[in-house]
Amino acid sequence: MPRTVIHNVTLATMQQAADRSAGFGLVENGALVIEGEQILWCGPQDELPQQPADATKVDGQGGVLSPGLIDCHTHLVWGGSRANEFSMRLHGASYEEIANAGGGILSTVRATRAASEDELYQLAAVRAAALIEQGVTELEIKSGYGLDTETELKQLRVARRLAATLPINVHTTFLAAHALPDEYKDNSDGYIEHICEQMLPQAVAEGLVDAVDVFCERIGFSRAQTERVFKAAQGFNLPVKLHAEQLSDQDGAALVADYQGLSADHLEYLSEQGIAAMKQAGTVAVLLPGAFYFLRETKYPPIDALRAAGVPIAIATDANPGSSPIHNAQLMLHMASTIFRLTPEEALAGMTCHAAKALGQNESGVLQAGKQANLVLWNVAEPAELCYQFGVNPLRQRWFKGRAVHDQTSTPG
């Protein structure tokens, strides 16, 4: 198999627990060997084993080599735009006024239903390309802008198509329990029944679902309704995750932990009981600084308590049209540090090793022999620079499954 040797780099292996003391798992003057799609070896350059004469050699010129970034919470496939609502809010319109004017999530549902699969693919491919340019090699894509069987499946098919056509791993999440469609306006229990008995089985039958999610909130679905969806997912041996405690404490984090959930996401109103349950279950806390910023929230997630409990913290863009129309992973690293005050080590772990855990996979997220060779070479002297600045992309080269797929020269940080 083809072999590539990357040398003269600082390795940010992210192999250690990414807390305030463990650091980036740095190996100064390091080297890494790719064979086929996997990492064959990594460590200090002076311990590099003899390599074949025909191996491709890449001089990292003193840059930082890290795992590829992982965006573990996105809603990347949708039609239409909500820029008009953004403008209306800035002109003083209330949420009710916007909704009465046809806005809100249901406006995205209408646009997504009206769009063809090809149209949705073209829109989503542009968004995915922006993340790829930022160093993302893996992401999650949720449905949830269809709210009917046909469109939910259409969104998931587009997500699978992105994985087949772009140099990126995609994990699909079934989120039909995202909002209540007009067809079930006064019958939320009926809609949950339809999800469990019709929509989810069909999506599973087509091989489109990797995980199941619910928006558990007063304006979303109740704890009891959420549990019904979780039981349906359990029947198909699908892992679950949850939009939890974003606007109020609905005890959703404890519920998803009861089902050994992959992650609980948002978490501004997370309780001590929820934290304890997540810790016991190994459920990852996914924080979404883009949505916090865009909605101008003031209630912070209990980061100190999560840290003290040892709950893994991941970071994601939450890319979506209504509350986080942001497709910049490097900005999330910066916001995680400046808004949520994570250390640079915690922030990078949040988009590498802990994000991988939030997706239920252990094939990437660290630099280690045997892992998939999804890597980014950064034109920086130390990893903290990835959180320190944004606006000048320091990405020099990107590997996906061992293949160099991006080569960019940028001004050093």
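Residues numbered from 1 in each chain as written. Predicted model: local features only at pLDDT ≥ 70, side-chain atom pairs only at ≥ 80, totals over all residues. Heavy atoms only, no water.

Draft legend 1. Fine view of the overall build of the chain. Across its full length, the chain carries 15 helices and 16 strands. Radius of gyration (C-alpha) of the chain: 21 Å, near the 22 Å computed for a compact globule of 413 residues. In terms of principal-axis extent, the alpha carbons of the chain reach across some 70 × 45 × 45 Å. Every one of the 413 residues in the chain was classed for burial, and the buried ones make up 59%. Expressed as a percentage of contacts within the chain between residues at least 6 apart in sequence, the contacts between residues at least 24 apart total 70%. Computed over 30 positive and 48 negative side-chain charges, the inter-centroid distance for the chain is 1 Å. (Helix = DSSP H or I, 4+ residues; strand = E, 2+ residues; numbered from the N terminus. Rg over C-alpha atoms; globule rule 2.2 N^0.38 Å. Buried < 20%, exposed > 50% of the residue type's maximum accessible area, 1.4 Å probe, protein only. Contact = heavy atoms within 4.5 Å. Lys, Arg positive; Asp, Glu negative; His and termini not counted. Charge placed at Lys NZ, Arg CZ, Asp CG, Glu CD.)

Draft legend 2. Broad picture of the nonpolar core. Phe174 and Val212 are the most contacted members of the largest nonpolar core, which totals 92 residues. Three or more residues apiece are contributed to this core by two domains, here domain 1 (3-67 + 366-405) and domain 2 (69-359). With sequence-adjacent residues up to four places away left out, Val212 is seen in contact with Thr173, Phe174, Leu200, Val229, Ala233, Leu238, Pro239, Val240 and Lys241. In this structure, Ile6, Cys42, Leu367 and Leu375 belong to the second largest nonpolar core, which totals 15 residues. (Core = buried A, V, L, I, M, F, W, Y, C linked by side-chain atoms within 4.5 Å. Domains from an automatic or database assignment.)

Draft legend 3. View of the environment of His91. Among the structural elements, His91 can be located in the loop between helix 1 (83-90) and helix 2 (95-100). Classification of His91 as exposed rests on a relative accessible area of 70%. Expressed as a C-alpha distance, the spacing of His91 and Asp148, which sit 57 residues apart in the sequence, is 33 Å. Side-chain polar atoms of His91 contact the backbone oxygen of Ser87, separated by 2.9 Å. (Polar contact = N/O pair within 3.5 Å; in protein donor to acceptor, adjacent residues only side chain to side chain.)

Draft legend 4. Summary view of the UniProt feature "binding site: N-formimidoyl-L-glutamate" (unreviewed entry) in the chain. UniProt's entry tags Tyr145, Asn320 and Gly322 with the feature "binding site: N-formimidoyl-L-glutamate" (unreviewed entry), counted in the numbering of this structure. Look at the named residues: they lie 178 residues apart in sequence, but the longest C-alpha span between them is just 11.2 Å, so in the fold they bunch up. Inspection of the secondary structure assignment puts Asn320 in the loop between strand 13 (313-315) and helix 12 (329-338). Contact partners of Asn320, with chain neighbours within four places excluded, come to His75, Trp78, Tyr145 and Pro325. Here Asp318 takes part through its backbone oxygen, which lies 2.6 Å from a polar atom of the side chain of Asn320. Structurally, the position occupied by Gly322 is in the loop between strand 13 and helix 12. On the basis of relative accessible area, Gly322 is assigned to the buried category, the value being 16%. Filtering out sequence-adjacent residues up to four positions away, Gly322 remains in contact with Arg82, Arg89 and Phe294. (UniProt positions renumbered as here; feature names shortened; annotations may be inferred.)

Draft legend 5. Looking closely at the packing of aromatic side chains. Taken as a whole and judged by the stated rule, the model has seven aromatic pairs. When the centroid spacing of 4.8 Å and the interplanar angle of 45° are considered together, the rings of Phe292 and Tyr300 count as tilted. Judged by its relative accessible area of 4%, Phe292 falls in the buried class. For Tyr300, a relative accessible area of 45% puts it in the partly exposed group. (Phe/Tyr/Trp six-rings, centres within 6.5 Å; stacked < 30°, edge-to-face > 60°.)

Draft legend 6. Local environment of the pairing of strand 5 (residues 64-67). When strand 1 (residues 3-12) meets strand 5, the two strands line up parallel, connected through two bridges. When the sheet's bridge partners are listed, Leu11 is paired in strand 5 with Leu65. As defined by bridge partners, strand 5 adjoins strand 14 (residues 375-378) across four bridges and the pair is classed as antiparallel. Residue pairing for strand 14: Val64 is matched across the bridge by Trp378. (Pairing = 2+ DSSP bridges.)

Draft legend 7. Inspection of the packing of helix 4 (residues 117-133) against helix 5 (residues 149-165) at higher detail. One can describe the packing of helix 4 onto helix 5 by two numbers: an axis separation of 9 Å at closest approach and a directional angle of 55°. As far as their axial angle goes, helix 5 and helix 4 are oblique. In the crossing of helix 4 with helix 5, the sense of the turn from one axis to the other is right-handed. Every residue of helix 5 that contacts helix 4 at Glu117, Asp118, Leu120, Tyr121, Ala124 and Ala125 is listed here: Lys154, Arg157, Val158, Arg161, Leu162 and Thr165. Here the residues of the contact of helix 4 with helix 5 are counted per class, giving six nonpolar, one polar and five charged. (Axes fitted to C-alpha atoms, helices over the stretch in contact; angles between N-to-C directions. Parallel < 35°, antiparallel > 145°, perpendicular 65-115°, else oblique. Left-handed = near helix turned anticlockwise from the far one by under 90°. Nonpolar A, V, L, I, M, F, W, Y, C, P; charged D, E, K, R; others polar.)

Draft legend 8. Geometry of helix 12. Across the 10 residues of helix 12, nine count as buried, placing the element largely inside the fold. Regarding helix 12, the residues found buried are Ala329, Gln330, Leu331, Met332, Leu333, His334, Met335, Ala336 and Ser337.

Draft legend 9. The arrangement of the domain arrangement of the chain in detail. Split by domain assignment, the chain resolves into domain 1 (3-67 + 366-405) and domain 2 (69-359). Look at where the C-alpha atoms of domain 1 and domain 2 centre, and you get two points 30 Å apart. With 28 residues of domain 1 at the interface, the matching set in domain 2 holds 27 residues. The junction of domain 1 with domain 2 conceals about 2,200 Å² of combined surface from both sides, 65% of it contributed by carbon and sulfur atoms. Here domain 1 is connected to domain 2 by zero salt bridges. At the junction of domain 1 with domain 2, the criterion picks out seven residue pairs in polar contact (both at pLDDT 80 or more). Put simply, the parts of the chain that give the side of domain 1 that touches domain 2 at least two residues each are strand 14, helix 15 (385-388) and strand 15 (395-400). With four residues, strand 15 is the single largest residue contributor to the side of domain 1 that touches domain 2. Residues of the side of domain 1 that touches domain 2, tallied by class, amount to 19 nonpolar, five polar and four charged. (Buried area = accessible area lost by both parts, 1.4 Å probe. Salt bridge = Lys/Arg side-chain N within 4 Å of Asp/Glu carboxyl O.)

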